[in-house]
Amino acid sequence: MANHFQYLLLVLCCCLVFVASLNEEGKLILEFRTSLIDPGNNLGSWNDMDLTPCNWNGISCNDSKVTSINLHGLNLSGTLSPSVCQLPHLTSLNLSKNFIFGPISENLADCRYLKNLDLCTNRFHDLLPTKLFQSAPLKVLYLCENYIYGEIPDEIGSLTSLEELVIYSNNLTGPIPRSISKLKRLQFIRAGHNLLSGPIPPEISECESLELLGLAQNRLEGLLPVQLQKLKRLNNLILWQNFLIGDIPREVGNFTSLEMLALHDNAFTGSPPKELGKLNKLKKLYIYTNQLNGTIPPELGNCTSAVEIDLSENGLTGVIPKELSHLPNLRLLHLFENLLLGSIPEELGQLKQLRYLDLSINNLTGTIPLGAISLHSSANSKLIFLSLGSNRLSGNIPDGLKTCKPLIQLMLGDNQLTGSLSVELSKLQNLSALELYQNQFSGLIPQEVGKLMNLKRLLLSNNYLVGHIPPEIGQMEGLVAFNVSSNRLSGIIPHELGNCIKLQRLDLSRNSFTGNLPEEIGKLMNLELLKLSDNRLSGPIPGSLGSLSRLTELQMGGNLFNGSIPLELGHLSALQISLNISHNALSGTIPGDLGNLQMLESMYLNDNRLVGEIPTSIGDLLSLIVCNISNNNLVGTVPNTPVFQRMDSNNFDGNNGLCRVGSYHCHPSSTPYSPKRSWTKEGSSREKIELAVSND
């Protein structure tokens with residue numbers, strides 16, 4: 001009897017378990033899961049033994065009814081099953097930042113109460129499903145960063161409740177449908193980085209709630225519609241990198257709520273309208289890289305909320321308005337690459353928040369005004385980037401600028417500045433770039449330059465600097481580019497340069513350096529360019545240079561190097577632009593190992609004392625455009641390879657024992673080498689390269 005009772009109890013319990021199984025919504029979610037792949041087991045809590053899915057990862061409920069599914073960033077893949085739309089109370093579906101692929105099912109329109117749909121950052125590859133745009137309750141539609149293609153359907157006008165449309169970074173084409181005018185509640189349009197074409201429809205101005213219009217990086221063309229001025233709530237107008245033309249309309253001044261205006265990288269012409277000065281809420285003005293001309297309107301000084309102004313890369317003329325100093329919050333002012341004249345206004349020194357100032361590549365004259373930098377030399381200085389290069393500025397570097405401690409980049413190259421390199425510059429401890437090239441600086445390179453421990457770029461070429469390179473340069477272990485070419489420097493090249501192990505570009509050419517080239521240069525494993533030409537360096541070429549595995553250009557011509565060409569130069573497998581060791585006193589034979597330089601385009605061995613025959617391996621260098629071996633004591637026959645066949649005969653002249661196949665005579669030479677040309681009269685190594693290429 002007891003056993004019978006226990007059996008009945010067991011059956012009853014099983015029945016109770018059966019009755020209390022997972023509810024219908026949970027089963028629908030498990031069916032939805034079957035199309036997904038979950039390698040990280042992020043959906044491991046989805047258990048069919050539960051009564052309800054409300055405690056599952058990513059599931060939210062209201063009154064025990066599933067209202068939201070949020071699976072953002074769970075590393076899911078697979079396809080999207082429309083079975084999820086059978087959940088009768090679902091209002092939000094977020095599957096963003098996964099790897100879900102395939103089409104977007106039109107059956108998603110069956111989610112009758114869906115208000116938020118976010119499928120961004122997946123791998124959906126499909127047309128925009130037309131039926132989806134008939135889901136009237138939808139307020140937020142995010143489909144960005146997928147592979148969706150085709151046109152935006154006219155049916156988008158049916159989404160009358162839509163507030164946010166985010167479809168950027170897809171492959172959408174065709175025009176923006178005019179039916180978009182029906183979306184009276186639309187606040188955000190982000191459709192950049194597609195292939196949309198045609199004009200911007202004026203009908204967008206009927207989206208009366210619009211706050212952000214983002215259509216950058218498309219193929220939109222035509223004029224900027226003046227009707228957009230009707231959008232009184234618009235605070236971001238982002239249209240950069242399209243094909244928009246014509247003037248920036250004066251009506252832009254009626255965008256009274258505008259905080260960002262990004263029209264850069266288009267083809268706008270005419271003058272920047274003075275009505276821009278009406279935009280007292282404007283924080284960011286980007287109209288660079290257009291075809292604007294005329295002057296910078298002084299009215300910009302009324303944009304008192306401005307934080308960043310960039311008018312660079314246009315054809316703007318006239319002077320820099322002093323009214324720009326009225327912008328108390330300005331952090332960035334870029335006016336570079338225009339045709340601006342006159343002096344730099346001293347009033348710019350009133351911009352206490354200024355961090356980035358770039359006025360380079362204009363026609364500015366006068367001195368660097370003390371007033372423009374006086375505030376920045378104080379303890380409250382914020383200026384970290386100053387570029388005034390490629391103008392016609394004169395005079396000294398102001399003392400205040402030399403103590404502007406926050407400065408990270410100071411670029412004053414290609415001007416007419418004078419004076420010496422002050423020891424005070426060493427106080428700029430944050431400096432990563434110091435560019436003073438192509439000016440009229442004189443005097444010594446101060447040894448205190450070695451204190452600039454953060455310096456990556458030191459460019460001092462084309463000045464009148466004298467003396468030697470201070471050994472303290474080796475303390476700047478982060479230095480990437482060092483150029484002192486075309487000065488009057490002398491003495492030896494300090495071996496401490498070998499400590500600058502991050503150097504990629506080293507140019508010491510066109511000076512009067514003497515002595516041997518330090519072996520330590522071969523330790524600069526990151527070096528891509530090495531220029532030592534037009535000095536008085538002597539001794540053998542160090543074989544350690546063969547360790548410079550990243551070197552693409554080696555210029556050593558016009559020195560007094562002697563001895564043989566090191567075999568190790570044949571190890572420079574990345575050498576491509578040029579190998580120039582011409583106009584030295586090198587002797588011995590040409591190493592056949594140079595035939596390993598498979599990427600080399602130009603080889604200059606001319607005007608040395610080389611003997612023997614030309615290695616056939618060099619004639620097999622298919623990339624070789626120029627090979628000048630003239631004025632040596634070479635003998636034998638020039639290898640009859642296609643590379644040498646296409647070269648002009650003057651590349652081989654001055655070798656009396658050398659002949660080419662098909663020539664009429666070949667006289668062996670017993671006369672000792674005597675130079676045919678003067679290096680100093682013929683110009684620099686760069687000029688000789690250009691001549692040889694032009695003759696080819």
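All of the points below concern the structure found in this document. Computed from a predicted structure; not experimentally measured. Every chain is numbered on its own, with residues counted from 1 as its sequence reads. Where totals are concerned, whole chains, interfaces and linings use all residues; where local detail is concerned, this predicted model gives features only for residues with pLDDT of at least 70, and gives and counts side-chain atom pairs only at 80 or more. Computation of side-chain values covers all heavy atoms of the structure but excludes hydrogens and water.

**Re empty space enclosed by the protein**
Condition: A 1.4 Å probe that fits into a set of points on a 1 Å grid over the protein atoms alone but cannot get out defines a cavity; an open set with protein on both sides within 12 Å along at least five of seven lines defines a pocket, and lining residues are those with an atom within 4 Å of a point. Grid points are joined across faces, edges and corners, and a volume is the space filled by probe spheres set on the points. Following the grouping adopted for this structure description, the nonpolar residues are Ala, Val, Leu, Ile, Met, Phe, Trp, Tyr, Cys and Pro, the charged ones are Asp, Glu, Lys and Arg, and the polar ones are all others, Gly among them.
Tallying each qualifying case throughout the model produces three cavities of 30 Å³ or more. For the largest cavity, the calculated volume is near 100 Å³. Lining the largest cavity are 13 residues, and of these Ser422, Leu425, Leu434, Pro446 and Val449 lie nearest its centre. Grouping the constituent residues of the lining of the largest cavity by class yields ten nonpolar, two polar and one charged.

**Re the state of the cysteines**
What counts here: By convention in this document, the label disulfide applies to cysteine sulfur atom pairs within 2.5 Å. Secondary structure is summarised from DSSP: a helix means a run of H or I of at least four residues, a strand means a run of E of at least two, and numbering begins at the N terminus for each.
As enumerated under the stated definition, the model contains three disulfides in all. One disulfide bridge connects cysteine 54 with cysteine 61, the sulfur atoms lying 2.1 Å from each other. Handedness of the cysteine 54-cysteine 61 disulfide follows from its S-S torsion of about -95 degrees: it is left-handed. Shown here is the disulfide that connects cysteine 120 with cysteine 144, its sulfur atoms set 1.9 Å apart. Residues cysteine 120 and cysteine 144 are joined by a disulfide whose S-S torsion is about 125 degrees; by sign, that bridge is right-handed. With cysteine 120 in the loop between strand S7 (116–118) and strand S8 (123–124) and cysteine 144 in the loop between strand S9 (140–142) and strand S10 (149–151), this pair connects stretches of sequence that are 24 residues apart.

**Observations concerning the side chain of serine 325**
Spelled out, the test is: Exposure is judged per residue with a 1.4 Å probe applied to protein chains only, and the accessible area is read against the type maximum: over 50% gives exposed, under 20% gives buried, and values in between give partly exposed.
Assignment of secondary structure puts serine 325 in the loop between strand S22 (308–310) and strand S23 (332–334). Overall, serine 325 belongs to the buried group, its relative accessible area being 8%.

**Here's the deal with the packing of aromatic side chains**
Here is the rule: Only Phe, Tyr and Trp rings take part, Trp by its six-membered ring, and two of them pair if their centres are within 6.5 Å. Stacked means planes under 30 degrees apart, edge-to-face means over 60, and tilted covers everything else.
For the coordinates displayed, the defined rule picks out four aromatic pairs. Look at tyrosine 286 and tyrosine 288: their rings are 6.4 Å apart centre to centre, the planes differ by 70 degrees, and that puts the pair in the edge-to-face class. The class of tyrosine 288 is partly exposed, set by a relative accessible area of 23%. Residues tyrosine 356 and phenylalanine 385 carry aromatic rings whose centres are separated by 6.3 Å and whose planes lie at 45 degrees to one another, so their mutual orientation is tilted. Of this pair, tyrosine 356 sits in strand S24 (residues 356–358) while phenylalanine 385 sits in strand S26 (residues 385–387), placing them 29 residues apart in sequence. Assessed through its relative accessible area of 16%, phenylalanine 385 is described here as buried.

Geometric values such as these leave the question of function open.
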